[in-house]
Amino acid sequence: MRRIAIAVAASTLSLSLAGCGMLGATDEPGEATPTKGDDVTVGLLMPEETNTRYEQFDYPIIKAKVAELTNNKGKVEYANAAAKSSTQVTQMERMIEDKVDIILLDAVDSKSIADTVKKAKEAGIPVIAYDRLAQGPIDAYVSFDNELVGEVQGRTLVEALGSADLSDKVVMMNGSPTDPNSAQFKQGAMSELSGRVTIPASASFDTKDWSPVEAEANMTKAIAAIGASKISAVYSANDAMAGAIIKALKKAGVSDSEMPPITGQDAELSAVQRIVSGEQYMSVYKPYPQMAAAAAEMAIAKARGRDIQFESLTRDEVDSPTDKGIRANLVTVVALTKSNIKDTVIADGIYKVSDICTAEYKTPCQAIGLR
Ligand code: BGC
């Protein structure tokens, strides 16, 4: 909670500084020659639409911040690849042809996009990897702390099990193998789960394209292999898959009150409602306003050639398989359970109580004091 309060305060502060013209809104003597004023075009590439965060949070918040930082003169050229890496290549090539000033890239496939990143660089367009660490000569990376996401999921799952031991069988539903975040989530989760619970080989899955349909089919396989009543918990890397896993468990006859603890990530509205009703144990709340604001500030600073400001926004460092010592900005995250809905998604204005507590959820909402 405290971390979020600090994080939000910090992002508000940097935005208000920008609003006063202190953070790159006007020319600053002594810095690199400004190449741009307010007429900046940011190319923004998002990976897919099945998970709701990109259309609901990332895109609109970045768009609003770009407007705010450029006196409403800056533009966002937007494209969503609907989970197709070839579509994303075409979309990014179009942005290069259109000569956007800077590209924010959330890659469908971090490896296969590397050649297009190189093309952008050759055309003089800087590329900032957003959320997923794209390979190739990127200028910087802005993301949530992905290993921490996995740790938070794993830790909360062990807490939910109470006296977890190796007789507890846990199903593990990981994300897409073309997304480097998946491996980081898994690594973070395993640092908490290893030696504490058993993850049978027949119950650990990668999920093509992060597809909930795929996750439901894999969960059905796990149920067949282990038996629904013998599953102590399910590690699901995100919320949309958690929804699909719950569907599979229900089809196998598991009632709401018998649901094992299930994790998630993204704080999707339907997941928050499932947390209220007790079907899903937790999600990970990633403060979207904070990361989207950081991304917009980085993009505008870079496009304007404000090197000192850009460096101050990227104080972390990461390595990709192709590039070492990439400047980065990693934003922290927090576990979201029944106990802190008010202090996280409500406090940050992500949802109103009325969004969550619709007629169907009235009673469980009242039970946890959400009104
Ligand atoms: C993101 C998650 C998201 C997943 C599926 C990951 O790279 O970090 O927030 O749920 O992709 O889109």
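Summary of the structure given here. Computed from a predicted model, the values in this text were never measured in an experiment.

## Some points on the site of the ligand
Link 1 in the chain: Residues in contact with the ligand amount to 14 residues; listed here are only the nearest, E48, Y54, D131, D179 and D266.
Link 2 in the chain: Between an oxygen atom of the ligand and a side-chain N or O atom of R53, the distance comes to 2.7 Å.
Link 3 in the chain: Between the ligand and K286 there is a distance of 2.9 Å, counted from an oxygen atom to a side-chain nitrogen or oxygen.
Link 4 in the chain: Those elements giving two or more residues to the shell around the ligand turn out to be α2 (53-69) and α6 (180-193).
Link 5 in the chain: Its residues assigned to classes, the shell around the ligand comprises three nonpolar, four polar and seven charged.

## Observations regarding the sheet that holds strand β5 (residues 140-144)
Link 1 in the chain: Across the sheet, which stays open at both edges, the seven strands sit in the order β2-β1-β3-β4-β5-β11-β10 with mixed pairing between neighbours. Two strands lie at the open edges of the sheet, namely β2 (75-80) and β10 (316-318), each paired on one side alone. The average undirected angle you get between the axes of adjacent strands in this sheet is 25°.
Link 2 in the chain: Note that β5 and strand β11 (residues 326-331) share four bridges and pair parallel. The residue of β11 that forms the bridge with F144 is V331.
Link 3 in the chain: In the packing of helix α10 (residues 288-303) onto the sheet, contacts are made with β1 (41-46), β3 (102-105), β4 (127-130), β5 and β11, and the angle to β5 comes to roughly 170°.

## What about the pairing of β3?
Link 1 in the chain: Side chains I102 and L104 of β3 all project onto a buried face; the interleaved residues I103 and L105 project onto the opposite face, where all are buried too.
Link 2 in the chain: In the sheet, β1 pairs with β3 via four bridges, with the strands oriented parallel. From the neighbouring strand, V42 faces β3, where its bridge partner is I102.
Link 3 in the chain: Pairing between β3 and β4: three bridges, direction parallel. Note that in β4 the partner of I103 across the bridge is V127.
Link 4 in the chain: In this region the chain leaves β3, passes through helix α4 (residues 114-122) and returns to the parallel neighbour β4; the handedness of that crossover is right-handed.

## Some thoughts on the pattern of salt bridges
Link 1 in the chain: Here the structure, examined in full by the defined rule, presents 20 salt bridges.
Link 2 in the chain: Close ionic contact of R304 with D38 constitutes a salt bridge, the shortest N to O distance being 2.6 Å. Note that R304 is positioned in the loop between α10 and α11 (307-313) and D38 in the loop between α1 (2-19) and β1, a separation of 266 residues in sequence.
Link 3 in the chain: Between R196 and E192 there is a salt bridge, with its nearest N and O atoms 3.7 Å apart.
Link 4 in the chain: Residue classification places R196 among the partly exposed residues on the basis of a relative accessible area of 39%.
Link 5 in the chain: Within this structure, E151, R155, E192 and R196 form a network of salt bridges that share partners.

## Examining the packing of aromatic side chains
Link 1 in the chain: All told, the structure shown has five aromatic pairs when counted by the stated rule.
Link 2 in the chain: Centre to centre, the rings of F144 and Y288 are 6.0 Å apart; their planes meet at 90°, and the pair counts as edge-to-face. Taken as a pair, F144 in strand β5 and Y288 in helix α10 lie far apart in primary sequence, 144 residues in all. Residue F144 shares its accessibility class with Y288, and that shared class is buried.
Link 3 in the chain: Taking 6.0 Å as the distance between ring centres and 70° as the angle between the ring planes, the aromatic pair formed by F185 and W210 counts as edge-to-face. Placement of F185 in helix α6 and of W210 in the loop between β7 (204-205) and α7 (212-226) is noted, with a sequence separation of 25 residues between them. Each of the two residues, F185 as well as W210, counts as buried.
Link 4 in the chain: An aromatic cluster of at least three residues, connected via ring pairs, comprises F57, F144, Y288 and Y351.
Link 5 in the chain: Here the basic side chain of K302 rests over the ring of F310, its NZ or CZ set 4.8 Å away from the ring centre.

## Observations concerning α7
Link 1 in the chain: For α7, which comprises 15 residues, the first-to-last C-alpha distance of 21 Å matches the rise-based estimate of 21 Å (1.5 Å per residue) to within 8%.
Link 2 in the chain: In this structure, the buried residues of α7 make contact with β6 (169-173), β7, β8 (231-236) and α8 (239-251).
Link 3 in the chain: The backbone nitrogen of V213 has a side-chain oxygen 3.2 Å away, supplied by the residue at the start of α7, namely S211.
Link 4 in the chain: Once α7 finishes, G227 follows within two positions and takes phi at roughly 100°, a positive value.

What counts as what
- Sequence positions are assigned chain by chain, starting from 1 and proceeding in written order.
- Restriction of local features to residues with pLDDT of at least 70 applies here, the model being predicted, together with a cutoff of 80 or more for giving and counting side-chain atom pairs; totals for whole chains, interfaces and linings are based on all residues.
- Excluded from the side-chain calculation are hydrogens and water; included are all heavy atoms of the structure.
- Here a residue is near a molecule or strand as soon as one of its heavy atoms is found within 4 Å of it.
- In protein, a polar contact means a hydrogen-donor-capable atom and an acceptor-capable atom, both N or O and within 3.5 Å, with residues adjacent in sequence counting only if both atoms are side-chain atoms; elsewhere, any N or O pair within 3.5 Å suffices.
- For the purposes of this entry, the term helix denotes a DSSP run of H or I that reaches at least four residues, the term strand denotes a run of E that reaches at least two, and both are numbered from the N terminus.
- Note on residue classes: Ala, Val, Leu, Ile, Met, Phe, Trp, Tyr, Cys and Pro are nonpolar, Asp, Glu, Lys and Arg are charged, and everything else, Gly too, is polar.
- Think of it this way: DSSP has to see at least two bridges between two strands before they count as a pair.
- Axis definition: a line fitted to C-alpha atoms, limited for helices to the stretch in contact. Angles are taken between N-to-C directions and run from 0 to 180 degrees.
- By definition in these notes, contact holds between two residues if any of their heavy atoms fall within 4.5 Å.
- The buried label applies to any residue whose accessible area, calculated with a 1.4 Å probe on protein chains only, is under 20% of its type's maximum; exposed applies above 50%, and partly exposed to all values in between.
- Crossovers are described as right-handed under a simple rule: with the strands pointing away from the observer, the path leading from the first strand over the helix to the second runs clockwise.
- We define a salt bridge as a side-chain nitrogen of Lys or Arg found within 4 Å of a carboxyl oxygen belonging to Asp or Glu.
- Working definition: a ring pair exists when centres of Phe, Tyr or Trp rings (six-membered ring for Trp) sit within 6.5 Å. Plane angles under 30 degrees give stacked, over 60 give edge-to-face, the rest tilted.
- A positively charged side chain is recorded as over a ring if its NZ (Lys) or CZ (Arg) lies within 6 Å of the ring centre. The angle to the ring normal must also be within 35 degrees.
- Expected span of a helix: the number of residues minus one, times 1.5 Å.

Purely geometric stuff here, so don't read any function into it on its own.
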